[in-house]
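Listed below, chain by chain, are the residues.
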Amino acid sequence: MKLKKIFFDGIFSNNPVLVQLVGMCSVLAVTTSVVNAIGMGSSVIFVVTCSNIVISSLRKFIPDKVRIPAYVVIIATFVTLVQMFLSAYIPALYDSLGLFIPLIVVNCLILARAESFASKNTVFSSMIDGIGQGIGFTCALIVLASVREILGNGTWLGFPILGKNYVSIGVITQAPGAFIILGLLVAGFNMLSRKVNAKKEGGN
């Protein structure tokens, strides 16, 4: 499998959020601000990439009967490193993300990549897959958070961009608003994907 295809599949055609619809708990919860989205996305990129590398390296030594528990232990190790780093150096972000940092351990995206890709492919391919999937996850979080923060608070990255007189749409920052915006993004992404695929087929 070509490395370029592996990388871009995670960002576009197999995007974890907009196509696979995995990790929805953290996606909906932390996207009230772009800062939170960047923090969570960066954490996921680190964890999924590092866990893919280790799992791929050990894939021939992990017995099938204990592979899932082994994957969870490996993932939990890197999540703990992320927790320690954020707690020590970025405590405000650590407090903001709260419970959703340890929940990365059971994020469907990371477990799915470990089971479906890292356990069957080379270390370098698994690293590229982890980076691509992590970036795709992060990009989707940032887009969703940008819409929610702008419409919900009139700010972006904490900076006011719609003026002091902007009347915020409070529901956008709450769970129903998250579902609505995510649904619209998924629909828009699917429509765009169909158009792109149709053009490719027409060109061929």
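The rules we used
Residues numbered from 1 in each chain as written. Predicted model: local features only at pLDDT ≥ 70, side-chain atom pairs only at ≥ 80, totals over all residues. Heavy atoms only, no water. Helix = DSSP H or I, 4+ residues; strand = E, 2+ residues; numbered from the N terminus. Rg over C-alpha atoms; globule rule 2.2 N^0.38 Å. Contact = heavy atoms within 4.5 Å. Areas by Shrake-Rupley, 256 points an atom, 1.4 Å probe, with all protein chains shown as cover. Lys, Arg positive; Asp, Glu negative; His and termini not counted. Charge placed at Lys NZ, Arg CZ, Asp CG, Glu CD. Axes fitted to C-alpha atoms, helices over the stretch in contact; angles between N-to-C directions. Parallel < 35°, antiparallel > 145°, perpendicular 65-115°, else oblique. Left-handed = near helix turned anticlockwise from the far one by under 90°. Nonpolar A, V, L, I, M, F, W, Y, C, P; charged D, E, K, R; others polar. UniProt positions renumbered as here; feature names shortened; annotations may be inferred. Salt bridge = Lys/Arg side-chain N within 4 Å of Asp/Glu carboxyl O. Buried < 20%, exposed > 50% of the residue type's maximum accessible area, 1.4 Å probe, protein only. Phe/Tyr/Trp six-rings, centres within 6.5 Å; stacked < 30°, edge-to-face > 60°. Core = buried A, V, L, I, M, F, W, Y, C linked by side-chain atoms within 4.5 Å.

Draft legend 1. The overall build of the protein, seen in detail. Helix and strand counts for the protein come out as eight helices and two strands. Secondary structure elements of the protein, listed N to C terminal, follow the sequence α-α-α-α-α-α-α-β-β-α. The C-alpha radius of gyration of the protein comes to 18 Å, within 12% of the 17 Å expected for a compact globule of 204 residues. By principal-axis analysis of the C-alpha atoms, the protein measures approximately 60 × 55 × 25 Å. For the protein, the proportion of contacts with a sequence separation of at least 24, taken over those separated by at least 6, is 73%. Carbon and sulfur atoms make up 70% of the accessible area of the protein, which totals about 10800 Å². Between the mean site of the 15 positive side-chain charges and the mean site of the 7 negative ones, the protein shows a separation of 7 Å.

Draft legend 2. Structural context of the packing of helix α1 (residues 3–11) against helix α7 (residues 123–153). At a minimum axis distance of 6 Å, the contact between α1 and α7 shows a crossing angle of 25°. In terms of orientation, α1 and α7 fall into the roughly parallel class. Classified by chirality, the crossing of α7 by α1 is right-handed. Contacts from Leu 3, Ile 6, Phe 7, Gly 10 and Ile 11 of α1 reach α7 at Phe 124, Ser 125, Ile 128, Asp 129, Ile 131, Gly 132, Gln 133, Ile 135 and Gly 136. Classifying every residue of the contact of α1 with α7 by side-chain character gives eight nonpolar, five polar and one charged.

Draft legend 3. Spatial organisation of the UniProt feature "transmembrane region" (unreviewed entry) in the protein. As recorded in UniProt, the feature "transmembrane region" (unreviewed entry) lies at residues 37–58, 70–90, 96–114, 126–147 and 167–192. End C-alpha atoms of residues 37–58 are separated by 31 Å, and the span's content is 100% helix alongside 0% strand. Within residues 70–90, the helical portion is 95% and the strand portion 0%, while the C-alpha atoms at the span's ends are 29 Å from each other.

Draft legend 4. Structural context of the pattern of salt bridges. By the definition in use, this model includes three salt bridges. Asp 9 is the salt-bridge partner of Lys 5, the closest N and O atoms lying 2.8 Å from each other. Pair noted here: Lys 5 and Asp 9 are both in helix α1, with a separation of four residues, about one helical turn. According to the relative accessible area criterion, Lys 5 is partly exposed, its value standing at 48%. Look at Asp 9 and you get buried, because its relative accessible area is 19%. Here Arg 113 and Asp 129 are joined by a salt bridge, their closest N and O atoms 2.8 Å apart.

Draft legend 5. Region of interest: the environment of Gly 23. Considering the arrangement of structural elements, one finds Gly 23 in the loop between α1 and α2 (24–30). Expressed as a C-alpha distance, the spacing of Gly 23 and Ile 110, which sit 87 residues apart in the sequence, is 8.9 Å.

Draft legend 6. Fine view of the packing of aromatic side chains. In total, this model carries four aromatic pairs according to the counting rule given. Centre to centre, the rings of Phe 8 and Phe 12 are 6.2 Å apart; their planes meet at 15°, and the pair counts as stacked. On the accessibility criterion, Phe 8 (36% relative accessible area) is partly exposed. Seen in terms of ring centroids, Phe 85 and Tyr 89 are 5.2 Å apart; in terms of plane orientation they differ by 40°. Their pairing is tilted. Taken together, the residues span about one helical turn, with Phe 85 and Tyr 89 both in helix α4 (residues 67–89) at a distance of four residues. You can call Phe 85 partly exposed: its relative accessible area is 46%. Each member of the aromatic cluster is reached from another via a ring pair, and the members are Phe 7, Phe 8 and Phe 12.

Draft legend 7. Molecular detail of the nonpolar core. Counting 42 residues, the largest nonpolar core has Val 17, Met 40, Val 47, Leu 97, Ile 104, Phe 137 and Leu 141 as the members making the most contacts within it. Those elements that provide at least two residues to this core are α2, α3 (34–58), α4, α5 (91–97), α6 (108–118), α7 and α8 (175–203). Per-element accounting of this core gives the leading share, eight residues, to α3. Sequence-distant contacts of Phe 137, defined by excluding residues within four places in its chain, comprise Asn 15, Pro 16, Val 17, Val 22, Gly 23, Ser 26, Val 27, Met 40, Gly 41, Val 44, Asn 107 and Leu 109.

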